[in-house]
Amino acid sequence: MKKFLAIAAAIVMAAGVMSGCSSSTTEETPVEGEETTEEGAEGEETAERTQFIVGFDAEYPPYGYMDENGEYVGFDLDLAQEVCDRNGWELVKQPIDWNSKDMELNSGSIDCIWNGFTMTGREDEYTFSDPYVDNSIVFVVLTDSDIQTKDDLAGKVVVTQAGSSALTALTNEEDNDENLALAASFASLEQVADYNTAFMELESGLVDAIAVDIGVAQYQLTSRGDTFRQLEEPLSTEQYAIGFKLGNTELRDQVQATLNEMVEDGTFDEIVANYSDYNLDQMVCLGK
């Protein structure tokens, strides 16, 4: 009898051990209302946000650049600052290498790309805000150049920024065949890291023309109008928007809602007016 009781007790203890192992590997049932999805975690992160890290090209005036005092300034950074002020966030202005923008965004080093960033043709690669600037890509030459039209660029050395929308317009097979034929007519299409370098090369005679966004062109022409001029016929047209990591609709929606408020109360137009010398007042499209 004692032997039987001992065996029975051993069986009960073994069952208890097996039951304990089983429960340790079983997923817990979520508590009702508890966020368990990636979207829920993203929403919690946005609600607790204290900083907003904007990735930008620090040599891309008037959208983002360093002024004579060594401060990062520009139209896009002014908009970002107002968005942060209204949401209680600290704006972190993060200069980036434009060729590394995707790595910076996807790694979480920055929260968005906000710096004259073309959404046209990239709609499936990022989660974009509404467009806020209608932009054109134009050619800039020296004032005394014999280049008057795009056809005159045949046999000339043209430069643009690496990774830019101008480069895409001239090289992407999905774009206009006319642009590809135009690029094929150049003696060469050079790439540089930033447009400041491109304008220095143009001024020194190393290149014959620059393919550049009209906002940057207008900034240079306003600053040094006697040195450069712009060809009348644009290469292409496009729109600027704020680029967020694909799928990050939570943060995009919060920033967009704040921009919409700024449009409605007139603050957006007040910031635009500070850059009227560069024709930005004629280019903005948000709220129009």
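Residues numbered from 1 in each chain as written. Predicted model: local features only at pLDDT ≥ 70, side-chain atom pairs only at ≥ 80, totals over all residues. Heavy atoms only, no water.

1. Topic: the overall build of the protein
As a reminder of what qualifies: The helix count covers DSSP runs of H or I at least four residues long, the strand count covers runs of E at least two residues long, and both are numbered beginning at the N terminus. Should any heavy atoms of two residues lie within 4.5 Å, those residues are considered in contact. Where accessible areas are quoted, they stem from the Shrake-Rupley method and a 1.4 Å probe; at the residue level, only the protein chains shown are allowed to cover.
Scanning the protein from terminus to terminus reveals 10 helices and 14 strands. A fraction of 75% describes how many contacts in the protein between residues 6 or more apart in sequence connect residues 24 or more apart. As displayed, the protein has an accessible area near 15,000 Å², and 47% of this comes from carbon and sulfur atoms.

2. Some words on the side chain of E104
What counts, and what does not: Working definition: with a 1.4 Å probe on protein chains only, accessible area under 20% of the residue-type maximum means buried, over 50% means exposed, and in between means partly exposed. The positive count covers Lys and Arg only, the negative count covers Asp and Glu only, and His and the chain ends enter neither. We define a salt bridge as a side-chain nitrogen of Lys or Arg found within 4 Å of a carboxyl oxygen belonging to Asp or Glu.
Tracing the backbone through its elements, the reader meets E104 in helix α4 (residues 101-107). We note that E104 is buried and unpaired, the nearest opposite charge coming from K101 at a distance of 11 Å. Sequence-distant contacts of E104, defined by excluding residues within four places in its chain, comprise I96, S109 and I110.

3. So, the state of the cysteines
Formally: A pair of sulfur atoms, both from cysteines and within 2.5 Å, is called a disulfide here.
All told, the structure shown has zero disulfides when counted by the stated rule. Of all cysteine sulfurs, the one in C112 lies closest to C84, which takes part in no disulfide; the gap is 8.7 Å. Its relative accessible area of 0% is what places C84 among the buried residues.

4. Description of the nonpolar core
Defined as follows: For our purposes a nonpolar core is just a set of buried Ala, Val, Leu, Ile, Met, Phe, Trp, Tyr and Cys residues, chained together by side-chain atoms within 4.5 Å.
Formed by 68 residues in total, the largest nonpolar core has its most connected members in F52, F75, W114, Y132 and V255. Residues in contact with F75, not counting those within four places in the same chain, are P62, Y63, Y132, V133, F268, I271, V272, Y275, L280 and V284. W98, L105, I113 and Y126 belong to the second-largest nonpolar core, a separate cluster that totals 12 residues.

5. Some thoughts on the sheet that holds strand β4 (residues 72-73)
To keep things clear, this is the line we draw: Note on pairing: two strands pair once DSSP finds at least 2 bridges between them.
With antiparallel pairing, three strands are arranged side by side in an open sheet as β2-β3-β4. Taken across any chain shown, the strands that pair with only one partner, and hence form the sheet edges, are β2 (59-60) and β4. Here strand β3 (residues 64-66) runs beside β4; their pairing, made up of two bridges, is antiparallel. Note on β4: the bridge partner recorded for Y65 is V73.

6. Digging into empty space enclosed by the protein
Defined as follows: Of the two site types, the cavity is a set of points on a 1 Å grid over the protein atoms alone where a 1.4 Å probe fits but cannot get out, and the pocket is an open set with protein on both sides within 12 Å along at least five of seven lines, each lined by residues with an atom within 4 Å of a point. Grid points are joined across faces, edges and corners, and a volume is the space filled by probe spheres set on the points.
Taken as a whole and assessed by the stated rule, the structure comprises one cavity of 30 Å³ or more. In this structure, the largest cavity spans a volume of roughly 90 Å³.

7. Section: the packing of aromatic side chains
What counts is decided by this rule: Note on ring pairs: Phe, Tyr and Trp rings are taken, using the six-membered ring of Trp, and paired if centres are within 6.5 Å. Classes follow the plane angle, with under 30 degrees stacked, over 60 edge-to-face and the rest tilted. Criterion for a charge above a ring: Lys NZ or Arg CZ within 6 Å of the ring centre, and within 35 degrees of the ring normal.
The full count for this structure, using the stated rule, is 17 aromatic pairs. Ring geometry for Y63 and F75: centres 6.4 Å apart, planes at 65°, overall edge-to-face. Of the two residues, Y63 sits in the loop between β2 and β3 while F75 sits in helix α3 (residues 75-87), which places them 12 residues apart along the sequence. With respect to burial, Y63 and F75 carry one shared label: buried. Note on F75 and Y132: the rings are 6.4 Å apart at their centroids and 40° apart in plane angle, and the pair reads as tilted. In this pair, F75 is assigned in helix α3 and Y132 in the loop between β7 (127-128) and β8 (133-142), connecting sequence segments 57 residues apart. By the ring-pair criterion, three or more aromatic residues cluster together here, those being Y60, Y63, F75, Y132, Y195, Y240, F268 and Y275. Over the aromatic face of W89 sits the side chain of R49, whose NZ or CZ is 5.7 Å from the ring centroid.

8. A closer look at unusual backbone geometry
Here the amide bond leading from P61 into P62 is cis, since omega sits at 5°, within 30 degrees of zero. For N279, which is not glycine, the phi torsion reads 65° and is therefore positive. Along the chain, N279 falls in the segment after α10 (267-273).

9. Some details on a negative patch on the surface
Note the following rule: Here, patches come from residues exposed beyond 30% relative accessible area and free of salt bridges, joined within 9 Å for like charges and within 5 Å for nonpolar side chains (Val, Leu, Ile, Met, Phe, Trp, Tyr). By convention, the charge on Lys lies at NZ, on Arg at CZ, on Asp at CG and on Glu at CD.
Where like charges cluster on the molecular surface, the negative patch consists of D102, E123, D124 and E125. One can find E125 in the loop between β6 (112-113) and β7. Since its relative accessible area comes to 47%, E125 is described here as partly exposed.

10. With respect to the environment of Y195
Along the chain, the position of Y195 falls in helix α7 (residues 195-204). The exposure class of Y195 is buried, given its relative accessible area of 1%. Counting along the chain gives 31 residues from Y195 to S164, while the straight-line C-alpha distance between them is 9.9 Å. Those residues in contact with Y195 that lie beyond four places of it in its chain are E59, Y60, T160, Q161, S164, A166, I210, A211, V212, D213 and V216.

11. Focus on the packing of α3 against helix α9 (residues 249-264)
The condition is simple: For helices, the fitted line uses only the C-alpha atoms of the stretch in contact; every axis is such a line through C-alpha atoms, and the angle between N-to-C directions lies from 0 to 180 degrees. Roughly parallel refers to an angle under 35 degrees, roughly antiparallel to one over 145, roughly perpendicular to one between 65 and 115, and oblique to any angle outside these ranges. When residue character is reported, Ala, Val, Leu, Ile, Met, Phe, Trp, Tyr, Cys and Pro are called nonpolar, Asp, Glu, Lys and Arg charged, and the others, Gly included, polar.
For the pair α3 and α9, the least separation of the axes is 10 Å and the interaxial angle reads 100°. Comparing their axes, α9 and α3 come out roughly perpendicular. Across the interface between the two elements, L79, E82, V83, R86 and N87 of α3 pack against Q254, V255, T258, L259, E261 and M262 of α9. Per-class residue counts for the contact of α3 with α9 are five nonpolar, three polar and three charged.

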